[in-house]
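# Results of the structural survey
Here is how the chains run, residue by residue.
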Amino acid sequence: VGNADVLFRSAAGTHRAGTDSSGRFLTHLPLGTWTVQVSHLEFTFNEPRAIAGTTDLPLALLKGVPVTGTVFRSFAPNATVQIEDPIPDATVAFSDATRTYETLTANDGTFRVVLPATSRFALAVSRRGYLSSTEPARNPFEWQGGVRVPLVAGNITVSGELRLDGARIADPTIPVA
């Protein structure tokens, strides 16, 4: 399968490789056990593989169920601004009892992943600076049709200091409104 993304995950981190038009890929990984994931077109793969040295790693893809969606910033219901601002680089994870299919949202907040049809997957979405969101397990066909995930920005404290021409204001009689 050409032009697919191959994701390698372990405690050592995450590495991505892309396949060429013939389905070949090349990456450099630390030794260890890696979960290898492919979600491309309607095909999927997700299995742990032990990497003990230089190796050729054939991956037998299975037909799956494509799931697409959008992650966007949600505002409190009482806020005067009600827009759906897309959130890039959010981590979207679909998990069953033994596997996690993970992807990142694009600049427009969209994501795409292919899940096996034979299991139920819970959804977890996170992004630094936002409150995480979770949804209970469903079968992949129930996730089809454009999943929409609102995330609320986490409460942060912003403090600062007013300066005049770059210098601290030392005169306490200057009114600040």
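About the thresholds
Residues numbered from 1 in each chain as written. Predicted model: local features only at pLDDT ≥ 70, side-chain atom pairs only at ≥ 80, totals over all residues. Heavy atoms only, no water. Salt bridge = Lys/Arg side-chain N within 4 Å of Asp/Glu carboxyl O. Helix = DSSP H or I, 4+ residues; strand = E, 2+ residues; numbered from the N terminus. Buried < 20%, exposed > 50% of the residue type's maximum accessible area, 1.4 Å probe, protein only. Phe/Tyr/Trp six-rings, centres within 6.5 Å; stacked < 30°, edge-to-face > 60°.

## Regarding the pattern of salt bridges
Applying the stated criterion to the full structure yields 7 salt bridges. Linking Lys63 and Glu42 is a salt bridge whose minimum nitrogen-to-oxygen distance equals 3.9 Å. Taken together, the positions of Lys63 in strand 5 (residues 62–63) and Glu42 in the loop between strand 3 (32–40) and strand 4 (43–51) put the pair 21 residues apart, joining distant regions of the chain. The closest approach of N and O atoms between Glu161 and Arg163, which form a salt bridge, is 2.9 Å. Relative accessible area serves as the criterion here: at 41%, Glu161 is assigned to the partly exposed category.

## Quick look at the packing of aromatic side chains
For the structure shown, the criterion picks out 4 aromatic pairs. Judged by centre distance (5.4 Å) and plane angle (75°), the ring pair of Phe94 and Trp143 falls under edge-to-face. Taken together, the residues Phe94 in strand 8 (residues 91–95) and Trp143 in helix 1 (residues 140–143) connect sequence positions 49 residues apart. For the pair Phe94 and Trp143, one class covers both residues: buried.

So yeah, pure geometry; function would need other evidence.
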